[in-house]
Amino acid sequence: MKNNNKETIINLRNLTKNFGDFTAVDNLSLDIKKGEIISLLGPNGAGKTTTMKMIARLLKPTEGEVWIKENGNMRLLNNRNKDALLDRIGFLIENPTFYDHMTPKQILTYFATLKGYPRKKIPKRIEELMALVDLSDWIDKKIGTFSKGMKQRLGLVSSMIHDPDFLVLDEPQTGLDPKGRKEIRAILVDLKNAGKTIFLSSHLLYEVSEISDRIAIINRGKLVAFDTMENLEGQAKDLRLQIQLAELPEDVTQIIIDLETIIRPLTGLNKGDKIVEFNRVTSTFEVKFDGKIQTQKNILKELIRNDIDVMDFSVPRTNTLEDLYIKLVTEVVAVEPLKEASTGVN
Ligand SMILES: Nc1ncnc2c1ncn2[C@@H]1O[C@H](COP(=O)(O)OP(=O)(O)OP(=O)(O)O)[C@@H](O)[C@H]1O
Ligand SMILES: [Mg+2]
């Protein structure tokens, strides 16, 4: 996979956070690679903010570790090294409260100074960032006159005033209208194209599906999926083939038996249940398979080789990624995830 060669810059290892006897984040492991947009997707209360707070060391993990790359080496985050390790990261976790009587220039100058950004470069930096979020005309206006969306964009600017390579953004689109949400997406893509790495959270799949390289789905503190969009979409696909024959005899039982015999060795599935079923309403045979294109091809070839007169051969795309997401976050018991997450340090 294309991401496998990229360097890991953050590694969350078996992170757990308990509040009393409630587990908000449960043994969560994932890696973030340079240049990726990774989205942490999950419903309200899933543990997204808690996870991000552990990266920012606003919360100390109950168990597990946060590893961050510094000067080419992965280092374990702790209270002593947190200032140094988190220096190159921009956080937008709780939206900062801005003083209404101040202007973006004043407040951003203050933040930049606090972060040790070279004083001489601050005005230019502010101009650039305000232009990026389309607020150039508002640099010297009082924040009290800003709309919610404008404040949100200003929040984004404040998180990256010191030009960090890596951004951790907790629901940056919250409270925005659809246009504002779309604008934030465009900004995130611009940042990625400028070489930044972005870890963002959302509870809405559509918000992150187009822009994310990988999506980590979290439910009740547990990671239930972590993969590329492409693979998640594959997983969401209906794993049934529909086959329609040119002619149907009165009794389809024999055909079902024939199809079972021909197809079974090719489906990539284990022995067990029936794999061929006949749907009387649509007069189609439905065949369970492993969802792979190659398996589809093999099955079709084999049917033709056996002189089965196929008229239609298709995979219905009834299931969407949205359905998979809903399924994953409504199921209490998680599927085995972490196919990609256990890459360790490199
Ligand atoms: N300081 C705390 N004390 C007790 N429980 C907490 C604390 N912080 C978070 N929780 C609980 O942990 C769970 C996860 O909260 P978290 O804020 O991480 O969820 P989230 O995924 O960010 O949700 P949302 O989409 O609503 O922002 C929730 O049930 C929340 O009530
Ligand atoms: Mg949250």
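Positions within a chain are numbered from 1, following the residues in the order the chain's sequence is written. Each chain is given a letter, starting from A, and each ligand a number, starting from 1, according to the order in which they appear as written. The predicted origin of the model limits local features to residues at a pLDDT of at least 70 and limits the giving and counting of side-chain atom pairs to 80 or more, whereas totals for whole chains, interfaces and linings rest on all residues.

### Here we look at the site of ligand 1
In this entry, near means the residue's backbone-placed C-beta atom lies within 6 Å of the molecule or strand. Every residue lining ligand 1 is accounted for by Phe19, Phe22, Ala24, Gly42, Asn44, Gly45, Ala46, Gly47, Lys48, Thr49, Thr50 and His203. Numbering of helices and strands starts at the N terminus; helices are DSSP runs of H or I of at least 4 residues and strands are runs of E of at least 2. For the shell around ligand 1, the secondary-structure elements that each account for two or more residues are strand 2 (22-33) and helix 1 (48-55). A per-element tally of the shell around ligand 1 places helix 1 first, with 3 residues. As a working rule, the residues Ala, Val, Leu, Ile, Met, Phe, Trp, Tyr, Cys and Pro are called nonpolar, Asp, Glu, Lys and Arg charged, and the rest polar, with Gly in that last group. Its residues placed into classes, the shell around ligand 1 shows 4 nonpolar, 7 polar and 1 charged.

### Focus: helix 5 (residues 148-159)
A helix is expected to reach a length of 1.5 Å times the quantity of its residues less one. Here helix 5 contains 12 residues, and its C-alpha end-to-end distance of 17 Å stays within 8% of the 16 Å for a straight helix at 1.5 Å per residue. Exposed residues have 12 or fewer other C-beta atoms within 10 Å of their own C-beta, buried residues have 20 or more, and residues in between are partly exposed; the C-beta atoms are placed from the backbone. Restricting attention to buried positions, one finds in helix 5 the residues Gln152, Arg153, Leu154, Leu156, Val157, Ser158 and Ser159. By definition, residues are in contact whenever their C-beta atoms, placed on the basis of the backbone, come within 7 Å of each other. Close packing links the buried residues of helix 5 with strand 6 (89-92), helix 3 (104-114), helix 4 (122-132), strand 7 (166-169) and helix 6 (178-193).

### As for the domain arrangement of the chain
For the domains described, the bounds stem from an automatic or database domain assignment. Assigned domains within the chain: domain 1 (2-88 + 165-234 + 324-330) and domain 2 (239-314). A C-alpha centroid distance of 42 Å is found between domain 1 and domain 2.

### A short note on helix 1
Helix 1 sits mainly inside the fold: 7 of its 8 residues count as buried. The set of residues buried in helix 1 consists of Lys48, Thr50, Thr51, Met52, Lys53, Met54 and Ile55. Of the residues trailing helix 1, Arg57 is marked for its positive phi of about 60 degrees.

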